Structure formats: C-alpha cells, structure tokens
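Fold and contact review
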Amino acid sequence: MYFDKIINKKNIESLFQSTTQTIIQAYWEGKIGFAYADDLLRPTSVIINIGCFFFLAGQPNQEMLHYIPKVYSDDYAILIPIDKTWQNLIENIYRNNYEKITRYSFYTPTEFDIQRLQLIISKLPKNYQLKAIDENYYQQILNLEWAKDLCKNFNSYLDFEKSGLGFIILKDNVIVSGASSYLAYNNSIDIEVDTIVEERRKGLALISSAKLILACLDRQITPNWDAHNKPSLKLATELGYILNQPYNAYVVWNL
C-alpha cells in the first residue's frame, strides 16, 4: 500500500487544529518531516512524521497504521493520535507491542529567570565538565545508543553546526549527559535531554538543559519543551516552563 505525500500543507491544517505539541511546529514552520494521506486534494486520513513521532488525524485508517515510510529506519515509533477513535485502532492493531504513555506539552516562557539558570549551572560538580557539542562529540554521540537522539535528526555535523545547538557533560572525558536540539526550525528548537543510567539523579540533565536554554536566549532561539514522562515534566518545571496539558501517546515497537 502506498499513500500520497502531502505537498500543500494547507490541505491538512484543519485536521490538526486541536494539537498542542510544539514538536509538530517543526513540520508547519520548517522543512523537517513530511505528511502522507489517503488523498492529496481531499485528505480524510493524515499522518505527519517528524523524527520518531507520528501524528495521526482525520478518519482512523488501519492501512495507514501499517504503512511506515521507507525513509524511517528506527524499529519503534511514538504515535500521537488526535482522538480516541485513533487510540482504539492503535490498541486493536498493535495489541501486545505497544505501551500507552502520558506526555506533557508546555508553553515556552516569554522570559526565563536568567539568574536561576546561571545558579543551576554553577552547581556542576568539580569532577565533571560542561562542553558545547563540537564535531568530535557529535560523532561520539551518534555511536552511543542512550545518547544518539541528541543529534540523530541532523544529516551531518555541518547541518548540526548550522541549525542545531547542544551541550554535553563529561566525567573522566566520557560523555554522561547532555541537552541538545532534537529538532531545529525557524529560530526554534525542541530540546532533547539524555543521561546515562549510572549518572542519573545527580542534577546533570538540569545543568545541561539550563546551559542550552541560556545559549538559545543569547542567539534569539526559542527553546521549546515537550515532556516524555514525569521526570521530564519535573525538569521542565524547574527550568521555568509552564505546563499546557497532558496528552496520550503510544510507544510502538516491532513496526
């Protein structure tokens, strides 16, 4: 089965009017991601793919859920249905290979508490180092399973250097945590934060995120946040983000 790739975004805008996630703005405002539908001119079922996220709108379509574009190479996806009818279809089709989760969308503050962010950064432990992601660290990150989401949505380091931004924390010259641009578009980024399991609960994610936000403000880049779980929700709140609303999502594997 093949579905048409959307060329004119205006044809599907009305189907996504109720979505609140900042991630989807990467598709509307930039050249990131793509959408496919059951019909180009009068679409009734549409899916927008951005990174590992698939936003589902319109009439639930079983064949579309089975269709994964060839450009998508991961063995899992995060499906975000616009309503309960899509949710029911996902649960019926994938049955034993999905996890239903609650994610959280946020409003990005018009003003951050700069002094608070600087104070957070100052608490970096003495045996750790905070560094900007350069070409060497970029390549290392792509080879780390736990950290690759920090950079994987860029075509190359040159692409990351031009459009992205990120920081990592080192311990004994080894990357243990980081905050970076999961997506970059029109003077905005969506923040990705990762920490290796052994180094969690030490405030490293908070520190690298604060550094990234300050760097964004210096460059007049809007740092958006969308939380995957409650720890990310707590982290965003500490950094000054304002909760918009929780929403349902599905992590599906063995696509």
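1. Looking at the packing of aromatic side chains
- For the structure on display, the rule yields 15 aromatic pairs.
- Judged by centre distance (5.7 Å) and plane angle (45°), the ring pair of Tyr138 and Phe160 falls under tilted. Residue Tyr138 is found in helix α5 (residues 135-142), and its partner Phe160 is found in helix α6 (residues 157-163); the two are separated by 22 residues along the sequence.
- Relative accessible area serves as the criterion here: at 2%, Tyr138 is assigned to the buried category.
- Aromatic side chains Phe154 and Phe160 sit 5.2 Å apart centroid to centroid with 85° between the ring planes, which places their arrangement in the edge-to-face category. In this pair, the class of Phe154 matches that of Phe160, namely buried.
- By way of ring pairs, the aromatic residues Phe3, Phe34, Tyr36 and Tyr67 are connected into one cluster.
- Taking NZ or CZ as reference, Lys9 lies 4.5 Å from the ring centre of Tyr27, over its face.

2. Re the pattern of salt bridges
- What the rule picks out here adds up to eight salt bridges.
- For Lys100, the salt bridge is made with Glu91, and the minimal N-O distance between the two is 3.9 Å.
- Residue class for Glu91 comes out partly exposed when judged on its relative accessible area of 24%.
- Across the pair Glu199 and Lys202 runs a salt bridge, and its minimum N-O distance is 2.9 Å.
- Under the relative-accessibility criterion, Glu199 is labelled buried at 7%.
- Residue class for Lys202 comes out partly exposed when judged on its relative accessible area of 41%.
- Residues joined by salt bridges that share partners form a network here, namely Asp74, Asp149 and Lys152.

3. What to know about unusual backbone geometry
- Despite not being glycine, Asn173 has its phi angle at roughly 65°, a positive value.
- Inspection of the secondary structure assignment puts Asn173 in the loop between β8 (166-171) and β9 (174-185).
- Not every positive phi belongs to a glycine, and Asn186 is a case in point at roughly 40°.

4. Quick word on the nonpolar core
- Grouped together as the largest cluster of nonpolar side chains are 46 residues, with contacts concentrated most on Phe106, Ile133, Ile141, Leu212, Trp225, Leu239 and Tyr241.
- In terms of residue count, helix α7 (residues 204-218) provides more of this core than any other element does, 10 residues in total.
- The next biggest cluster of nonpolar side chains, apart from the first, holds 43 residues, and it includes Ile12, Ala37, Phe54 and Leu65.

Reading the values: rules and limits
Residues numbered from 1 in each chain as written. Predicted model: local features only at pLDDT ≥ 70, side-chain atom pairs only at ≥ 80, totals over all residues. Heavy atoms only, no water. Phe/Tyr/Trp six-rings, centres within 6.5 Å; stacked < 30°, edge-to-face > 60°. Helix = DSSP H or I, 4+ residues; strand = E, 2+ residues; numbered from the N terminus. Buried < 20%, exposed > 50% of the residue type's maximum accessible area, 1.4 Å probe, protein only. Lys NZ or Arg CZ within 6 Å of the ring centre and 35° of its normal. Salt bridge = Lys/Arg side-chain N within 4 Å of Asp/Glu carboxyl O. Core = buried A, V, L, I, M, F, W, Y, C linked by side-chain atoms within 4.5 Å.

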